[in-house]
Amino acid sequence: SLKRDVLITANATQQQTPAGPWYEFDFSPDGLVFLRPAILTLDADFVSGRPVKLYWFNERTGVWQVENIGIPDRDGKVKFQIFHFSKYAIS
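Cut-off values and rules
Residues numbered from 1 in each chain as written. Predicted model: local features only at pLDDT ≥ 70, side-chain atom pairs only at ≥ 80, totals over all residues. Heavy atoms only, no water. Helix = DSSP H or I, 4+ residues; strand = E, 2+ residues; numbered from the N terminus. Rg over C-alpha atoms; globule rule 2.2 N^0.38 Å. Buried < 20%, exposed > 50% of the residue type's maximum accessible area, 1.4 Å probe, protein only. Contact = heavy atoms within 4.5 Å. Areas by Shrake-Rupley, 256 points an atom, 1.4 Å probe, with all protein chains shown as cover. Lys, Arg positive; Asp, Glu negative; His and termini not counted. Charge placed at Lys NZ, Arg CZ, Asp CG, Glu CD. Phe/Tyr/Trp six-rings, centres within 6.5 Å; stacked < 30°, edge-to-face > 60°.

Engineer: Quick question: what am I supposed to make of the overall build of the chain here?
Structural biologist: Looking only at helices and strands, the chain features zero helices and seven strands. What you see for the chain is a C-alpha radius of gyration of 14 Å, in line with the 12 Å of a compact globule of 91 residues. C-alpha extents for the chain along the principal axes are approximately 40 × 30 × 20 Å. The burial tally for the chain puts 30% of its 91 residues in the buried class. Intrachain contacts of the chain at a sequence separation of at least 6 include 58% that bridge at least 24 residues. Total accessible area on the chain stands at roughly 6,400 Å², and carbon and sulfur atoms take up 51% of it. Charge-centre separation for the chain: the mean point of 10 positive side chains lies 6 Å from the mean point of 10 negative side chains.

Engineer: For this particular structure, what's the right way to read the environment of Leu32?
Structural biologist: Considering the arrangement of structural elements, one finds Leu32 in the loop between strand E2 (20-28) and strand E3 (33-43). Sequence separation of Leu32 and Ser86 is 54 residues, and the distance between their C-alpha atoms is 7.9 Å.

Engineer: Whenever I open this one, the packing of aromatic side chains confuses me. Can you help?
Structural biologist: In this description, an aromatic ring pair is defined by two values, namely the gap between the centres and the angle between the planes. Within the structure shown, the criterion is met by eight aromatic pairs. Both rings, one in Trp22 and one in Trp64, keep their centres 5.4 Å apart while their planes meet at 90°; by these two values the pair is edge-to-face. Here Trp64 lies in strand E5 (residues 63-70) and Trp22 lies in strand E2, a separation of 42 residues in the sequence. Each member of the aromatic cluster is reached from another via a ring pair, and the members are Phe25, Phe27, Phe34, Phe85 and Tyr88.

Right, dumping it as structure tokens:
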């Protein structure tokens, strides 16, 4: 919960790479930290049971870092807990 009203935005893009699809999300306000984790769900027909990585873009280093690995359910949806807003990618 937030102590005041906050405008929350999300921009999403998808790219096709040689390794498969790359979904990028930019949530703002950048740096917003949650008291309890939020759930990011992507319904993109991932292969059930095949691990999918959640990356976080580290602004200080300019590098995408693996934050978590999720396993898509039988419907191809994958869920991740996120603890703050920033740039994320799923591939």
